[in-house]
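Here's the letter readout for the chains.
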Amino acid sequence: MATTQGEAAAGRSRRDFLYLATGALGAAGAAAAAWPFVDQMNPSADVLALSSTEVDLSGIPVGSAITVVWRGKPVFVRHRSEDEIAAAQRDDNADLKDPQRDADRVQRPEWLVMIGVCTHLGCVPVGESGDFGGWFCPCHGSHYDTSGRIRRGPAPENLWIPEYAFIDDATVRIG
Amino acid sequence: MSFQSKSRIVNWIEYRLPIFSFLNHTVGTEYPMPKNLNYWWNFGSIAGIALVIQILTGIVLAMHFTPDSRLAFDSVEQIMRNVNYGWLLRYLHANGASMFFLAVYIHMFRGLYYGSYKAPRELLWWIGLVIFLLMMAAAFMGYVLPWGQMSFWAATVITSLFSAVPVVGDTLVSWLWGGFTVDNPTLKRFFSLHYVIPFVIAGLVVLHIWALHVHKSNNPLGIDIKGPQDTIPFHPYYTVKDMFGFGVFFILLALFVFYAPNMLLATDNYIPANPMVTPPHIVPEWYFLPYYAILRAVPDKLGGVVAMFGAIAILFVLPWLDTSRVRSARFRPIYRQFFWIFVADSILLGYVGANPPEGGFILLGQIGTVYYFLHFLVIMPLVGWFERPKPLPVSIAEPVLSGAAAGSGKE
Amino acid sequence: MRKQFLPALIAAAVFALALAPVVPVRAAEEAEPPASDWPHKGPFGTFDRAALQRGFQVYREVCAACHSLRFVAFRNLTEIGFTTGQVKAIADNWDYAVATLDAEGEPTERQPLPSDQLVPPFPNAAAARAANGGANPPDLSLIVKARGGGEDYIKALLTGYADPPEGVELGDGLSYNRYFPGHQIAMPPPLGEDAVEYADGTPATTEQMADDVVSFLAWAAEPTLEARKRMGFKVVSFLVVLTTLLFFVMRRVWADQH
């Protein structure tokens, strides 16, 4: 009969809607339930808590550098000489893979603070080496200049500058 | 019988690894289930999902927990305070364990009431008992891991029990401890074992289900399946019923996790373990309380240990202690009453276990323990012999058709 | 199926009743701590941030002389309403320093940073005992969860000092407390009228300070309480809806069997 067929069809679509709604709700619930299991692997609050390292600059003579650890990574703190500053500024307009002015990379020209991790694949570059008077990464041959900019080699970017601030003339806080 | 599908991908896989027909025959439209199962049959699958929850939460907790006595307590607080959703995972794991035991106890009592342990399901019952024993081992060791006061002292009390073993007792205990007392080596090995046992349980669950599938599920009438008229396919009838059961289970679990997360946990476990100070009341988790009561009911140390393990060992011989040829208590008017008395006795033992062994509790514990063994060793064989069971229905399908026998007696 | 509900209900009721003894049995000799209305209790409870800040002030000025709070970090204090600037100031002015090593590897000290845990008054348990007549003041981070009576018990303890009754001999250096198990406690009464001057001007009665510091300690023990209850509402509501839908799906699927 047309009526019963119609009723049957209506019943089927009501049933299908019930199944669809329940299934969708169940799937949404499962996804929401899965999230904490994924998110718990993200850095925890204590890791994220801004950790700072204070560096005493008074023991670093001109033309030398120290390496400190910040958030588990090495940070180069270099007391640049006049020559190094001049060379860095002179090359501001050179052919740079990652163009950046030296003045944009330092707060005070005589102090260069950079994360000592090669932007290629993460090795620690060696200071006072390479063809540009700065750093050289022995892993795949990247050369960085006296401003830490990539000049030759496979690294795509200049050495990264962390957040830092001078507390006074002899102390800088990184992070 | 190979599985023909409209999907070419499905057929491609099926030809190489017949997973779809396998699923179809185990949990799908080709697996026959008695059509008359009630809600007491939901607790097997609920126990299964509880195991899954414990394994999932346990694995992620293990990413943050430090199994060293100097760091364990702090690492748990680190999880509670710093790990994203750490508090949720921890409370899920701790309360999930309680829910797991709740489901398994109901599952076991269902077996006792409906005679699910009787032939030909003796081995199924045994595998279940081994799973239960492993659950207790895993739960006991898991409780030690946070290295709170209760963790340490419960570990001390329970491992010390083994010194009751004649001749080799002390060597055995020092072997368990890895030292002269519960300490770092104990914690480390407990962590390793606690991590691995759930996977052994999972393997046994596979055996458990395999054994079940040989003679299929029991049913409230306790009579065998005679033919297809007595059965309906597992899917969609019981898949959907199990999912509803999961929903109710999750609501109960959520109520504990979100609104009463510490209700079932001893407050003393929020105090770091101190080997110099014993808490005034050492209490195990609620699911161990009846066995704790039995242990303490016997004044002799070795006797208490034997009684406690005996209480579980006796369940292995239950199929032979129960002499009745009728499975389901629905048709056993005498046994049915003793069953409920046994339930009350179990709860009484739990109550005794929660209290210090003083005053009236001592006698209560002894009465409860004696009655426990009386139930299995004396009552069940005698009732089986002397009871006059009610007439069994002809088949599972018949009560549904005639309607008369279906209304016989309450549960 | 209705026939199964009654025994199920009975079983559930028995299970619920059986849980009651799991709550630790408190000895009958001590007085029962009076119950208070704590704003963070109940399924929709939240912390009163003003009370938490006052409570922190009480902790810092009264309790921190002897009790550590080692699971709370300075940065956590932003959760009770302090700004990062205020937290920095609290860390800078903290009475105790963090032990560290200098460039030559010699032990030295530094002022805590917001990322540090609250520095304890004593470096270890032995030092704590030596300064407190042999008793070790417990860490307070979890004290509210570690005592069977919870908040009510801690508040009762703080305000429950009294003269010992007739015939009770007080041990050396001990004080009589109505609620402490055994009644003789090594901690002298910590709170007296106006022991602190509240920054927000609230009168610092003993009861007020007890309320505030207990609220603060409740937060310290369970800082995720509010997130937990919020999520609980969403999860339980969702599950009730989903389970109801599943019930109707189940009825629909089983329709041909009845």
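Residues numbered from 1 in each chain as written. Chains lettered and ligands numbered in written order. Predicted model: local features only at pLDDT ≥ 70, side-chain atom pairs only at ≥ 80, totals over all residues. Heavy atoms only, no water.

A. Examining the overall build of chain B more closely. A count of helical and extended segments in chain B gives 16 helices and 2 strands. Taking 22 Å as the expected radius of gyration for a compact globule of 411 residues, we find that chain B reaches 24 Å, a close match to that expectation. Burial status across chain B gives 55% buried among its 411 residues. About 18,200 Å² of surface is accessible on chain B, with carbon and sulfur atoms providing 73% of the total. Averaging the positions of the 25 positive and the 20 negative side-chain charges in chain B gives two centres separated by 9 Å. (Helix = DSSP H or I, 4+ residues; strand = E, 2+ residues; numbered from the N terminus. Rg over C-alpha atoms; globule rule 2.2 N^0.38 Å. Buried < 20%, exposed > 50% of the residue type's maximum accessible area, 1.4 Å probe, protein only. Areas by Shrake-Rupley, 256 points an atom, 1.4 Å probe, with all protein chains shown as cover. Lys, Arg positive; Asp, Glu negative; His and termini not counted. Charge placed at Lys NZ, Arg CZ, Asp CG, Glu CD.)

B. Layout of the confidence of the model for chain C. All names here are of chain C. Summarising the model, chain C shows a mean pLDDT of 89, and 88% of its residues fall at 70 or more. At the low end of the mean pLDDT range in chain C sits helix α1 (residues 2-19), at 54; at the high end sits helix α5 (residues 143-146), at 97. A low-confidence stretch, residues 20-28 stays under pLDDT 50, and its non-local contacts, those more than four residues away or across chains, total 14 contacts. Two summary scores accompany this predicted model of the complex, namely pTM at 0.88 and ipTM at 0.91. (pLDDT = per-residue confidence, 0-100. Contact = heavy atoms within 4.5 Å.)

C. Local environment of unusual backbone geometry. Cis geometry marks the peptide bond from A119(B) to P120(B), where omega comes out at -5°. Tracing the backbone shows P120(B) in the loop between α5 (86-114) and α6 (122-144). Omega for the bond connecting H235(B) with P236(B) falls within 30 degrees of zero, at 5°, which places this linkage in the cis form. Inspection of the secondary structure assignment puts P236(B) in helix α10 (residues 234-259). Residue W147(B) is not a glycine yet carries a positive backbone phi of 60°. Mapped onto the elements, W147(B) comes out in the loop between α6 and α7 (149-160). Its identity is not glycine, yet D194(C) carries a phi of approximately 55°, on the positive side. Relative to the elements of secondary structure, D194(C) occurs in the loop between β4 (184-185) and α7 (206-221).

D. Expanded view of the state of the cysteines. Applying the stated criterion across every chain yields a total of 1 disulfide over all chains. The partner cysteine of C123(A) in its disulfide is C139(A), sulfur to sulfur 2.1 Å. Its S-S torsion of about -100° marks the bond between C123(A) and C139(A) as left-handed, since a negative value means left-handed. Of the two residues, C123(A) is situated in the loop between β4 (111-115) and β5 (126-127) and C139(A) in the loop between β6 (133-137) and β7 (142-145); the sequence distance between them amounts to 16 residues. Judged by its relative accessible area of 23%, C123(A) falls in the partly exposed class. We classify C139(A) as partly exposed; its relative accessible area is 40%. Sulfur of C63(C): no disulfide; nearest cysteine sulfur belongs to C66(C) and is 9.0 Å away. Take C66(C): its relative accessible area is 27%, and that puts it in the partly exposed class. (Disulfide = S-S within 2.5 Å.)

E. Expanded view of the side chain of R228(C). If you trace the backbone, R228(C) turns up in helix α8 (residues 225-254). On the basis of relative accessible area, R228(C) is assigned to the buried category, the value being 5%. When sequence neighbours within four positions are dropped, the list of residues in contact with R228(C) reads W87(B), Y91(B), V257(B), F258(B), Y259(B), P261(B) and E222(C).

F. Summary view of a nonpolar patch on the surface. On the surface, V370(B), L374(B), L377(B), V378(B), L382(B), W385(B) and F386(B) cluster together to form a nonpolar patch covering roughly 730 Å² of accessible area. The topology assignment puts F386(B) in helix α15 (residues 360-386). (Patch = residues over 30% accessible without salt bridge, like charges linked within 9 Å, V, L, I, M, F, W, Y side chains within 5 Å. Salt bridge = Lys/Arg side-chain N within 4 Å of Asp/Glu carboxyl O.)

G. Looking closely at helix α3 (residues 82-90) of chain A. Residues and elements named next belong to chain A. Listed as buried for α3 are E84, I85, A87 and A88. The buried residues of α3 occupy one face: seen down the axis, they fall within an arc of 165°. When the buried face of α3 is taken as reference, the exposed residues oriented beyond 90 degrees from it are E82, D83 and R90. The inward-facing, buried residues of α3 abut β3 (73-79). (Arc of directions from axis to C-beta.)

H. Up close: the interface of chain C and chain B. The interface of chain C with chain B comprises 49 residues on the first partner and 55 residues on the second. Of the roughly 4,700 Å² buried where chain C meets chain B, counting both sides, 73% is carbon and sulfur surface. On the surface where chain C and chain B come into contact, there are 1 salt bridge. Across the pair R70(C) and D74(B) runs a salt bridge whose closest N-O atoms are separated by 3.0 Å. For the pair chain C and chain B, the number of links is 10 residue pairs in polar contact (both at pLDDT 80 or more). At the level of elements, α1, α5, α7 and α8 of chain C are the ones that each hand at least two residues to the side of chain C that touches chain B. When residues in the side of chain C that touches chain B are grouped by element, the largest group, 17 residues, is from α8(C). By residue class, the composition of the side of chain C that touches chain B is 33 nonpolar, 7 polar and 9 charged. (Buried area = accessible area lost by both parts, 1.4 Å probe. Polar contact = N/O pair within 3.5 Å; in protein donor to acceptor, adjacent residues only side chain to side chain. Nonpolar A, V, L, I, M, F, W, Y, C, P; charged D, E, K, R; others polar.)

I. Structural view of the pairing of strand β2 (residues 64-70) of chain A. All names here are of chain A. Strand direction decides the pairing type here: β2 and β3, joined by 7 bridges, are antiparallel. Bridging from a neighbouring strand, V69 pairs with P74 of β3. Between β2 and the antiparallel strand that follows it, β3, lie 2 residues; R71 among them carries a positive phi value of about 50°. (Pairing = 2+ DSSP bridges.)

J. Quick peek at the packing of α6(B) against helix α9 (residues 184-215) of chain B. All names here are of chain B. It is the contact of α6 with α9, at a shortest axis distance of 9 Å, that shows an interaxial angle of 160°. Considered as vectors, α6 and α9 are oriented roughly antiparallel to each other. In the crossing of α6 with α9, the sense of the turn from one axis to the other is left-handed. Classifying every residue of the contact of α6 with α9 gives 22 nonpolar, 4 polar and no charged. (Axes fitted to C-alpha atoms, helices over the stretch in contact; angles between N-to-C directions. Parallel < 35°, antiparallel > 145°, perpendicular 65-115°, else oblique. Left-handed = near helix turned anticlockwise from the far one by under 90°.)

K. Structural context of the side chain of D92(A). All names here are of chain A. By the secondary structure assignment, D92 is in the loop between α3 and β4. Residue classification places D92 among the buried residues on the basis of a relative accessible area of 19%. A distance of 2.8 Å separates polar atoms of two side chains, one belonging to D92 and the other to R149. Contact partners of D92, with chain neighbours within four places excluded, come to Q100, R101, D102 and R149.

L. Region of the structure containing the interface of chain A and chain B. Contacts between the two partners involve 11 residues from chain A and, on the opposite side, 12 residues from chain B. Taken together, the two surfaces of chain A and chain B that pack against each other cover about 980 Å², and 62% of this comes from carbon and sulfur. When the buried surface of chain A facing chain B is broken down by residue, P36(A), F37(A) and Q40(A) rank first, second and third, together holding 54% of it. Counting across the interface, chain A meets chain B through 0 salt bridges. For the side of chain A that touches chain B, the secondary-structure elements that each account for two or more residues are α1 (2-39) and α2 (45-48) of chain A.

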